[in-house]
Protein chains: 2
Amino acid sequence: MSSARPRKKTTPSATPADAAAPTNEPVDTGLLRTLVGYNARRASLSIIALFMERMAVYHLKVVDFSVLSLVAHNPGVTSRQLCATLNVLPPNMVGLIAALERRGLIERRPHPSDGRAMGVHLTPAGVELTAQAEQTAAQLEEDATARLTAAERKTLIRLLQKVYD
Amino acid sequence: MSSARPRKKTTPSATPADAAAPTNEPVDTGLLRTLVGYNARRASLSIIALFMERMAVYHLKVVDFSVLSLVAHNPGVTSRQLCATLNVLPPNMVGLIAALERRGLIERRPHPSDGRAMGVHLTPAGVELTAQAEQTAAQLEEDATARLTAAERKTLIRLLQKVYD
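Residues numbered from 1 in each chain as written. Chains lettered and ligands numbered in written order. Predicted model: local features only at pLDDT ≥ 70, side-chain atom pairs only at ≥ 80, totals over all residues.

1. Quick notes on the overall build of chain A
Step number 1: Along the backbone of chain A there are 7 helices and 2 strands.
Step number 2: Mapped from its N terminus to its C terminus, chain A presents α and β elements in the order α-α-α-α-α-β-β-α-α.
Step number 3: Classification of the 165 residues of chain A by burial places 39% in the buried group.
Step number 4: Long-range pairs, those at least 24 residues apart, make up 47% of the contacts in chain A between residues at least 6 apart in sequence. (Helix = DSSP H or I, 4+ residues; strand = E, 2+ residues; numbered from the N terminus. Buried ≥ 20, exposed ≤ 12 C-beta atoms within 10 Å, placed from the backbone. Contact = placed C-beta atoms within 7 Å.)

Structural data, given as structure tokens:
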């Protein structure tokens, strides 16, 4: 059984030249494709690949976009709320917010009636960039899921939310 | 609008103590929840969290498990085929395979009729660990997707595959 499968002439220490010509021989994915986890990860990674390509112009990673979009829809949201919503650890969120602040996209302002609380807001530049990025995201979503009908897309989202909600 | 939302007393530089008491105030996720990409990522991360918890006993990360499972179902598979199947870059796969080899779970053997090609095989210890890990994976999948009916689970997997295949 171990020698039944024809193999390409390659070594495990593949060079970039090898990488440019990956084998097309199909592999039996066995158990993996029966797992929701594996399939959700593969679908997510395939959409993220397109996301990174199209969002490169804005210099936004997936989580940066999520933070900006949440702040746009929730002006004054706290760092803690962003952590809870996006499942990001507080120390990581501090760095994310600081980087977006340095870029002039968001600003933190004290709560009007509670000096100890800080809320995150978009700057005018942040509002503009987020609006453009949201349009790009909606378009790439459509492109990345072009094989789904509108009804299938709706069903897929509903079932995914049933898993994580 | 920026002060309409009540906020907890916290600062963006959240300490671990803050992290232990995340706010429960709901945030408007706006556009995000309408995106397949966002929902697939959230579902994937929620399953991966359980995966890491249950797989810690085997010292297997998600990608380690995927590699072992693929090798189990494709004895003699090449590094290049593993890269293509799992969307992993060749330099990263080299490290993954070397680490599993050092743990005595897999071994590389030359192709019987082509000395330049190397195939990846499970060792007897690898066969045993992979069988246990696959059982654990199947069980945690069921637990992580317990809110889905069998039919919904099947539909979800089919639609996810339609996105990335």
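2. Section: helix α3 (residues 62–73) of chain A
Step number 1: Compared with an ideal rise of 1.5 Å per residue, which puts 12 residues at 16 Å, α3 of chain A spans 17 Å between its outermost C-alpha atoms and is within 8% of the ideal.
Step number 2: The set of residues buried in α3 of chain A consists of F65, S66, V67, L68, S69, L70, V71 and A72 of chain A. (Expected span 1.5 Å × (residues − 1).)

3. Some details on helix α7 (residues 150–164) of chain B
Step number 1: The end-to-end C-alpha separation of α7 of chain B is 22 Å, in line with the 21 Å expected for 15 residues at 1.5 Å each.
Step number 2: Of the positions making up α7 of chain B, those classed as buried are R153, L156, I157, L159, L160, V163 and Y164 of chain B.
Step number 3: Looking at the buried side of α7 of chain B, the elements it contacts are α2 (36–55), α6 (124–144) and α7 (150–164) of chain A together with α2 (36–55) of chain B.

4. Considerations on unusual backbone geometry
Step number 1: Of note in the backbone geometry, H59 of chain A takes a positive phi value of approximately 55° without being a glycine.
Step number 2: Its place among the elements puts H59 of chain A in the loop between α2 and α3.

5. As for the packing of α7 of chain A against α2 of chain B
Step number 1: Two numbers describe how α7 of chain A lies on α2 of chain B: the axes approach to 9 Å, and their chain directions differ by 30°. The pairing of α7 of chain A with α2 of chain B is recorded here as roughly parallel in orientation. For the pair α7 of chain A and α2 of chain B, the sense of crossing is left-handed. Within the contact between the two elements, α7 of chain A uses R153, L156, I157, L160, Q161, V163 and Y164 of chain A and α2 of chain B uses V36, N39, A40, R42, A43 and S46 of chain B. (Axes fitted to C-alpha atoms, helices over the stretch in contact; angles between N-to-C directions. Parallel < 35°, antiparallel > 145°, perpendicular 65-115°, else oblique. Left-handed = near helix turned anticlockwise from the far one by under 90°.)

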